[in-house]
Amino acid sequence: MPGQHEEAQTIRPTAGRFLGSFVAVTAAVVAVVAIRESEASWAAGAVLVGVLAWAAMLRPTLTVTADELVMRNMVDTIRIPLAAIEQLAVTQVLAVRAGKRYVSPVVGKSWGKDVVAERRGWTRSEEVRVAGVDYADFVVEDLHRRMERARTAAGVTLLSDEQAELARGVRRQVAWLPTGLLLASAVALVAALLL
């Protein structure tokens, strides 16, 4: 089958990794100092900020295999059969339609870059020619290629009833670790503020 031996590709966020790491480390330092100083509300707040930074900026990834797109987001993981994807677009986030709309913050285009391009009167193709190939465009092209191969292998056509049936195979799983950490740190902060 076409693309069956294609390697899985993991795409990590291109923006926010440094900031997320900096915030998480800073929050950990603040939490340790606050615990030493017996400041429970500061410690709980720092832990909440650190967990939020990790979950929002460091945890999200996209993994693409020969037949599946795995979107690991802040508090869930979504598995979408590639052949079920009807369309995708990149704005500030990657939006995928497979029966419903799913988004991932991993791949996006800077809002500021689009505004600058618009003010200069560039079209997207002129922007690519001027600035070189945009990473988000490269990812979208690769996803389109993989989607076409998966549809061919599954024997379905775009927007067909068979593709709609495949979209029912999308699976969303709650990510219990970040969800639990976020809830526990939020409860700890509220409790510390009330005491």
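Each residue is numbered by its place in its chain's sequence as written, counting from 1. Local features in this predicted model are restricted to residues whose pLDDT is 70 or higher, and side-chain atom pairs enter the listing and the counts only when it is 80 or higher, whereas totals over whole chains, interfaces and linings include all residues. With hydrogens and water set aside, each side-chain value is computed from the structure's full complement of heavy atoms.

In the nomenclature of an unreviewed UniProt entry, the protein corresponds to PH domain-containing protein from the organism Nocardioides piscis.

Draft legend 1. The arrangement of the pattern of salt bridges in detail. A carboxyl oxygen of Asp or Glu within 4 Å of a side-chain nitrogen of Lys or Arg is what we treat as a salt bridge. In total, this model carries 7 salt bridges according to the counting rule given. With a shortest N-O distance of 2.6 Å, D137 and K109 are connected by a salt bridge. Taken together, the residues span a long stretch of sequence, with D137 in helix α5 (residues 135-154) and K109 in the loop between β7 (100-104) and α3 (111-119) at a distance of 28 residues. This pair shows no difference in class: D137 is buried, exactly as K109 is. D142 serves as the salt-bridge partner of R146, at 3.1 Å between the closest nitrogen and oxygen. Taken together, the residues span about one helical turn, with R146 and D142 both in helix α5 at a distance of 4 residues. When its relative accessible area of 11% is taken as the criterion, D142 is described as buried. Helix and strand definitions follow DSSP, with helices as H or I runs of at least four residues and strands as E runs of at least two, each counted in order from the N terminus. Buried means the residue's accessible area, taken with a 1.4 Å probe over protein chains only, is under 20% of the maximum for its type, while exposed means over 50%, and partly exposed covers the values in between.

Draft legend 2. Highlighting the sheet that holds strand β6 (residues 94-98). Strand order in the open sheet made by the 3 strands is β5-β6-β7, with antiparallel pairing throughout. Two strands bound the open sheet, and with one partner strand each, they are β5 (87-90) and β7. Going from strand to strand, the sheet's axes swing by 20° on average, the running direction of each strand aside. Relative to β6, β5 is paired through 4 bridges, and the arrangement is antiparallel. DSSP-based pairing: two strands are paired if at least 2 bridges between them are found. To get an axis, fit a line to the C-alpha atoms, keeping to the stretch in contact for a helix; angles then go from 0 to 180 degrees between the N-to-C directions.

Draft legend 3. Here's a closer look at the UniProt feature "transmembrane region" (unreviewed entry) in the protein. Residues given the UniProt feature "transmembrane region" (unreviewed entry) here are residues 18-36, 42-62 and 174-194. As annotated, residues 18-36 has a helix share of 100% and a strand share of 0%, and its two end C-alpha atoms lie 27 Å apart. Across residues 174-194, helical content stands at 90% and strand content at 5%; the span's end C-alpha atoms are separated by 30 Å. UniProt positions are given in the numbering used here, feature names are shortened, and annotations may be inferred rather than shown by experiment.

Draft legend 4. Representation of the sheet that holds strand β1 (residues 9-11) within the structure. Reading across from one edge, β1-β2-β3-β4-β8 is the order of the 5 strands in this open sheet, with antiparallel pairing throughout. Edge positions in the sheet fall to β1 and β8 (171-174), since each of these pairs with one other strand and no more. Each strand axis lies, on average, 15° off the axis of its neighbour in the sheet, ignoring direction. Sheet topology places strand β3 (residues 68-72) next to strand β4 (residues 76-81); 5 bridges connect them, and they run antiparallel. The partner of L69 across the bridge, within β4, is I80. Whether two residues are in contact is decided by their heavy atoms, any of which lying within 4.5 Å being enough. With respect to the sheet, α5 is in contact with β1, β2 (61-64) and β3, its orientation differing from that of β1 by roughly 145°.

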